[in-house]
Amino acid sequence: MYKIIRKKELVSQIYLMDIEAPRVAKNANPGQFVIVKVDEVGERIPLTICDYHREEGTVTIVFQTLGMSTKKLAALEEGDYIRDFVGPLGNPSEVVMDSVEHLAGKKIVFVAGGVGTAPVYPQVKMLKEKGIDVDVIIGTKSKSTLIFEEEFNQVAKNLYVCTDDGSYGFQGLVTDRLKKLMEEEGKAYDLCVAIGPMIMMKFVSRLTASYKLKTIVSLNPIMVDGTGMCGACRVTVGSEVKFACVDGPEFDAHLIDFDEAMRRQSMFKTAEGKKAIQMEQAAVHAEGELCELGELQK
Amino acid sequence: MKLDRVPVREQEPAKRILNFQEVSYGYNQEEAVEEASRCLQCKNPKCVGGCPVAIDIPKFIRELRDGDMKAARDTLGKSSNLPAVCGRVCPQEEQCEGKCIVGIRGTAVNIGKLERYVADWAMAEGYRNTEKAPSNHIKVAVIGSGPAGLTCAGDLAKLGYEVTIFEALHEPGGVLVYGIPEFRLPKEKVVREEIKLLLDLGVTLETNVIVGRTVSVENLMKDEDFKAVFIGSGAGLPMFMGIKGENANGVMSANEYLTRANLMKAFRSDYDTPISHGKKVVVVGAGNVAMDAARTAVRLGAEARLVYRRSEKEIPARAEEVHHAVEEGVILNLLTNPKEILVDEKGFVKGMVCVKMTLGEPDASGRRKPLEMEGTEHVIDCDSVIMSLGTSPNPLIASTTPGIETNRRGCILINEENGETTSTGIFAGGDAVTGSATVILAMSAGKKAAQGIHAEMVKKGLVPEV
Ligand SMILES: Cc1cc2nc3c(=O)[nH]c(=O)nc-3n(C[C@H](O)[C@H](O)[C@H](O)COP(=O)(O)OP(=O)(O)OC[C@H]3O[C@@H](n4cnc5c(N)ncnc54)[C@H](O)[C@@H]3O)c2cc1C
Ligand SMILES: Cc1cc2nc3c(=O)[nH]c(=O)nc-3n(C[C@H](O)[C@H](O)[C@H](O)COP(=O)(O)OP(=O)(O)OC[C@H]3O[C@@H](n4cnc5c(N)ncnc54)[C@H](O)[C@@H]3O)c2cc1C
Ligand code: SF4
Ligand code: SF4
Ligand code: FES
Ligand SMILES: [Mg+2]
């Protein structure tokens, strides 16, 4: 059981939690994730490690409530326990773990979207600790959905906020802002790191490909175990099939088949709410079955 | 002597395909005693040689026959830490029962079902034997809680060691909980109970620890004072075919399908994990795992079909599994091989292109090599495909532990005598060493390593010889 030490609603429907998990905190690095199973009947959902405190033994997660599992998690309070919390999973971010000599002089831009803003933070923070300054672009719906602005002001050299509705910062998409930086504001980058919704990563990737700007994305496909056991998380990278949980989650964006990745991500969309499937099932099966399954559940 | 074994009652196929309850009811007392009296109590019992953990089979059968159930349970416990599991899933026809002398003229004594009966009796009665040596305060780490790890941990605990099992998943049991379905091996009643007996010996279990990520073998030995480590991490990495369309929605590994169904209990409406409810499911492969996947699909309301490139004779699954699968309506498309998976405009599976095969000369495996027959391409209508092509060991531990060597297939190399890897103090066994094999072989590897670890601790002067 893993205790919730701190809980904060950052903006509507986006929550931050510090979880007591000393073993995870001790070995966590930026770019890695955990798998959380809220209770006995819960599903295993992956969430990126957004910060960690080795001494206190806590790991920070930031999540957006979407369906059953994230809502259940959000319903817990400080002092409550999560049944399972396992990690750190996946590989640490290669960029961030690189040597200072290698990184020195590199011009890096991070592009963050929505709840994906939070996982960018430990990466930028660690680079700052290594003396590497980077630019950060954040895209969000509106001022009221912006998260981590203060934190980024502490660690990023330049922070560019974009909102869809123009209520704050630049009005428009992160790709528009990135393009503007490169075309009109004289920025030249050696590397781009994009983390956010698959669709955002796809379009950032498409843009940077046209500039031949090397780009890393952190993929978030559907996962079950997160240890390489099931293959649910497989993605096509170049001509190879990779398991995102063990080979990633970060990959060279220009090699990713984003359309396939997006299709696979929506696999259970029509089905979430197993209820929906079960209704469908009821039509297929004899009535007896539902009673039998009902029996089993007692 | 009766030549034929006492029949085992089973759920009717028409009924059982509508639920996940155990197919076989096992024996009741009367039936068990009757079957036990068919045993000839051989002076030189061949059956024992067929059992990888050498259970004293005639002894436990005699005790059962004479009504001394506690003694029978103790006899099993001397050799096996998981008799209720083994009685259910061992390939007995190739092991103990395959060697039984009665099998020459009649049908072999049903050793597996008798073993199950004794173990189930003890669990129901709450009879247990937790005899163990006093603690020697030596810490040993066991990685993985499958049959290999559980057995190694149990044997070491009985010798007085302070054992901690580190398990990557949220439940202990390995394949017993995530792979083998509920209808063959009930999780709460059998697996959980049998694991509980082991933990009651004083074994500590830490779930949610992935060795190689959460903590390294080196950390365990240097920082946490574990004097020896046993790696029983199994062979959980699934293989795919590499054919066109394989990443379509609705194509998954048997591991994914079975994990969702068993470990995550996706077949129950009170559990949150979704599972694909295809109406026409094709399983590629014909091993035990493929049978389990197909029979699970049937229970989830699908028409299930196995596609296998060789003929019936080469089917690797146990005869009983194939028989049960066919009874439940699983269709077998033999001498058939997938070429491509067809995908609809939304990215979901809509069919599978297959080709007919014929068998040629024997290949390296000694089996006749399947060859494609020209002009036999055809489409099988389906909406889900489950790949059951075998698994290999996960490279995580070997790649993060200096000094451990593996072979080409990623299997950890050990000294067959004592289970030690190429790194002193680190032992391994089970599927991580052999590639996917059986529960009882994993258990016997766990036993051997426990002895190997003990011998090494004695040699180092850390514990006195017993
Ligand atoms: C490596 C990785 C890191 C992630 N990090 C974060 C994070 O830091 N913060 C955050 O809010 N979200 C993160 N996600 C996404 C998060 O896992 C999903 O939002 C969550 O699983 C949704 O669960 P649900 O039951 O609440 O919603 P559902 O309604 O079940 O699903 C909503 C959507 O989430 C995705 N999803 C559903 N189940 C899974 C699953 N088992 N694995 C992966 N995706 C799934 C699907 O695209 C689905 O359409 C990450 C995903 C991955 C793979
Ligand atoms: C579907 C299916 C059906 C089968 N049916 C039968 C049958 O009927 N009869 C039979 O005899 N055999 C059967 N087998 C084979 C049998 O289950 C295996 O041979 C046996 O379980 C191997 O035991 P093990 O302890 O070596 O590994 P496993 O049972 O695989 O256990 C390994 C454990 O280690 C954990 N682990 C892995 N990596 C790490 C890590 N880095 N850190 C911590 N923990 C880790 C895993 O999560 C797992 O719990 C079947 C297998 C499958 C998949
Ligand atoms: S453990 Fe397996 S092989 Fe040994 S006697 Fe029991 S069923 Fe037979
Ligand atoms: S070989 Fe058969 S008859 Fe002989 S002791 Fe073993 S089970 Fe009994
Ligand atoms: S989540 Fe199962 S293999 Fe990646
Ligand atoms: Mg969900």
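This one's a predicted model, so the numbers in the text were calculated from it and none came from an experiment.

What counts and what doesn't
Residues numbered from 1 in each chain as written. Chains lettered and ligands numbered in written order. Predicted model: local features only at pLDDT ≥ 70, side-chain atom pairs only at ≥ 80, totals over all residues. Heavy atoms only, no water. Pairing = 2+ DSSP bridges. Helix = DSSP H or I, 4+ residues; strand = E, 2+ residues; numbered from the N terminus. Axes fitted to C-alpha atoms, helices over the stretch in contact; angles between N-to-C directions. Near = heavy atom within 4 Å. Nonpolar A, V, L, I, M, F, W, Y, C, P; charged D, E, K, R; others polar. Core = buried A, V, L, I, M, F, W, Y, C linked by side-chain atoms within 4.5 Å. Buried < 20%, exposed > 50% of the residue type's maximum accessible area, 1.4 Å probe, protein only. Contact = heavy atoms within 4.5 Å. Polar contact = N/O pair within 3.5 Å; in protein donor to acceptor, adjacent residues only side chain to side chain. Areas by Shrake-Rupley, 256 points an atom, 1.4 Å probe, with all protein chains shown as cover. Domains from an automatic or database assignment. UniProt positions renumbered as here; feature names shortened; annotations may be inferred. Salt bridge = Lys/Arg side-chain N within 4 Å of Asp/Glu carboxyl O. Parallel < 35°, antiparallel > 145°, perpendicular 65-115°, else oblique. Left-handed = near helix turned anticlockwise from the far one by under 90°.

Moving on to the sheet that holds strand β3 (residues 33-37) of chain A. Residue and element names in this part refer to chain A. Pairing within the open sheet is antiparallel, and its three strands lie in the order β4-β3-β8. Each edge of the open sheet carries a strand with a single partner, namely β4 (45-48) and β8 (84-89). The mean inter-strand angle of the sheet, taken between neighbouring strand axes irrespective of direction, is 25°. In this sheet, β8 lies alongside β3 in antiparallel orientation, the contact comprising four bridges.

Around ligand 3, the surrounding shell consists of C51, P52, I55, I57, C86, C90, Q92, Q95, C96, E115 and I440 of chain B. Along the lines of polarity and charge, the residues of the shell around ligand 3 split into eight nonpolar, two polar and one charged.

On to the nonpolar core. Soluble, globular proteins show a tendency: their nonpolar side chains are buried together. Membership of the largest hydrophobic core comes to 73 residues, with the highest contact counts inside it found for I57, F60, I61, L114 and I453 of chain B. Beyond its immediate chain neighbours, meaning those up to four positions away, F60 of chain B contacts I55, A72, T75, L76, I111, L114, E115 and V118 of chain B. Of all hydrophobic cores here, the second largest spans 56 residues; its members include M17, L47, I82 and V161 of chain A.

The next point concerns the site of ligand 2. Residue and element names in this part refer to chain B. Contacts to ligand 2 come from 33 residues, most closely from V89, A148, E167, R184 and D431. In this structure, A168 approaches ligand 2 through a main-chain N or O atom, which is 3.1 Å from a nitrogen atom. Out of a free accessible area of 1,000 Å², ligand 2 has 94% covered by protein chains. When contributions to the shell around ligand 2 are tallied by element, the ones reaching two or more residues are α10 (147-158), α15 (288-299) and α19 (439-459). Residue contributions to the shell around ligand 2 reach at least three from each of two domains, namely domain 2 (139-236 + 392-459) and domain 3 (240-389).

All names here are of chain B. The sheet built from five strands is open, its strands ordered β5-β4-β3-β6-β18 with parallel pairing. Bordering the open sheet on either side are β5 (204-206) and β18 (426-428), each of which pairs with just one other strand. The sheet shows a mean angle of 20° between the axes of neighbouring strands, direction not considered. As paired elements, strand β6 (residues 228-231) and β18 share three bridges and run parallel to each other. Paired with I231 across the bridge in β18 is A428. Against the sheet, α10 engages β3 (139-143), β4 (162-166) and β6, with an angle of about 165° to β4.

Time to look at the UniProt feature "binding site: [2Fe-2S] cluster" (unreviewed entry) in chain A. Residue and element names in this part refer to chain A. In the numbering used here, UniProt assigns the "binding site: [2Fe-2S] cluster" (unreviewed entry) feature to C230, C233 and C245. Across 16 residues in sequence, these annotated residues keep their C-alpha atoms within 10.1 Å of one another, forming a single compact spot. Inspection of the secondary structure puts C230 in the loop between β14 (215-218) and β15 (234-237). Relative to the elements of secondary structure, C245 occurs in helix α9 (residues 244-247). A residue is classified by how much of its surface remains accessible, and C245, at 2% relative accessible area, is buried. Once residues within four sequence positions are removed from consideration, C245 is found in contact with F33, G90, M223, G226, T227, G228 and C233.

Moving on to the UniProt feature "domain: FAD/NAD(P)-binding" (unreviewed entry) in chain B. Under the UniProt annotation, "domain: FAD/NAD(P)-binding" (unreviewed entry) lies at residues 139-446 of chain B. Within residues 139-446 of chain B, the helical portion is 27% and the strand portion 24%, while the C-alpha atoms at the span's ends are 17 Å from each other.

Residue and element names in this part refer to chain B. Across all of its chains, the model carries 54 salt bridges over all chains by this definition. Among the ionic pairs, R184 bridges to D292, the shortest N-O distance being 2.7 Å. Of this pair, R184 sits in the loop between α11 (175-178) and α12 (187-199) while D292 sits in helix α15, and the two are 108 residues apart along the sequence. Comparing R184 with D292 shows no difference in burial state: the two are buried. In this structure, the salt-bridge partner of R295 is E328, at a minimum N-O distance of 3.0 Å.

Glancing now at the packing of helix α14 (residues 254-263) of chain B against α15 of chain B. Residue and element names in this part refer to chain B. Packing of α14 against α15 brings their axes to within 10 Å, and their N-to-C directions diverge by 50°. Between α14 and α15, the interaxial angle falls into the category oblique. Crossing hand, α14 versus α15: left-handed. When α14 is examined against α15, the residues A254, Y257, L258 and A261 are found in contact with a partner set consisting of V289, D292, A293, T296 and A297. Residue classes in the contact of α14 with α15 are distributed as seven nonpolar, one polar and one charged.

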